[in-house]
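Each chain, letter by letter, is given below.
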Amino acid sequence: MSTSAPEEPRAVSVEAVGGQLTVRLEDGRTVSIPLEWFPKLRDATAAQLAEWRLIGQGIGIHWELLDEDLSVRGLLLPQAHALRKSA
């Protein structure tokens, strides 16, 4: 059994279509999250959503035009969204 910490999940591509944010990870997983969870993204135009870049070698996603940053790890933890809504 390995005792080392799991490697940080890293994104390789991002797409926002049909009310979903879809992030493909370097390990082959694909994560889809409702844009509804992120008001800045939900209310953005398609052109604004298309203007993203990876930060920290893929550990995060940044939308300069929207002043929005998301961590890939946070996208993999659905309970983080529930905690944010209840705060």
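Higher on the page you've got the structure.
Everything in this summary refers to the structure shown in the same document. Note that the structure is a prediction, hence the values are computed from the model and not measured.

### So, the sheet that holds strand E1 (residues 11-17)
Each strand in a sheet pairs with its neighbour through backbone hydrogen bonds, running either in the same direction (parallel) or in the opposite one (antiparallel).
Consideration 1: Here three strands make up an open sheet; going across it, the order is E1-E2-E3 and the pairing antiparallel. The open sheet has two edge strands with one neighbour each: E1 and strand E3 (30-34). Taking the axes of each pair of neighbouring strands and ignoring which way they run, one obtains an average angle of 20 degrees across the sheet.
Consideration 2: Strand direction decides the pairing type here: E1 and strand E2 (residues 20-25), joined by six bridges, are antiparallel. Looking across to E2, one finds that Ala16 is bridged to Leu21.

### Details of the pairing of strand E6 (residues 68-71)
Consideration 1: Burial along E6 is one-sided: the residues Glu68 and Leu70 are buried and none of Asp69 and Ser71 is.
Consideration 2: Pairing of strand E5 (residues 60-63) with E6, which is carried by four bridges, proceeds in the antiparallel orientation. When the bridges of E6 are listed, Trp63 appears paired with Glu68.
Consideration 3: Between E5 and E6, which pair antiparallel one after the other, the connecting turn spans four residues, and Asp67 there sits at a positive phi close to 50 degrees.

### Brief notes about the sheet that holds E6
Consideration 1: On the basis of which strands lie adjacent, the open sheet formed by three strands has the order E4-E5-E6 and antiparallel pairing. The sheet is open, and its two edges are formed by strand E4 (53-55) and E6, each paired on a single side. On average, each strand axis in the sheet is inclined to that of its neighbour by 30 degrees, with strand direction left out of account.

### Looking at the side chain of His62
Consideration 1: Inspection of the secondary structure puts His62 in strand E5.
Consideration 2: In this structure His62 comes out as buried when scored by relative accessible area, which is 9%.
Consideration 3: Only 2.4 Å separates the side chain of His62 from the side chain of Asp69, close enough to count as a polar contact.
Consideration 4: Setting aside chain neighbours within four positions, we find His62 in contact with Glu51, Trp52, Arg53, Ile55, Glu68 and Asp69.

Rules used throughout
- Residues numbered from 1 in each chain as written.
- Predicted model: local features only at pLDDT ≥ 70, side-chain atom pairs only at ≥ 80, totals over all residues.
- Heavy atoms only, no water.
- Pairing = 2+ DSSP bridges.
- Helix = DSSP H or I, 4+ residues; strand = E, 2+ residues; numbered from the N terminus.
- Axes fitted to C-alpha atoms, helices over the stretch in contact; angles between N-to-C directions.
- Buried < 20%, exposed > 50% of the residue type's maximum accessible area, 1.4 Å probe, protein only.
- Polar contact = N/O pair within 3.5 Å; in protein donor to acceptor, adjacent residues only side chain to side chain.
- Contact = heavy atoms within 4.5 Å.

Fair warning: the whole summary comes from geometry, so function is off the table for now.
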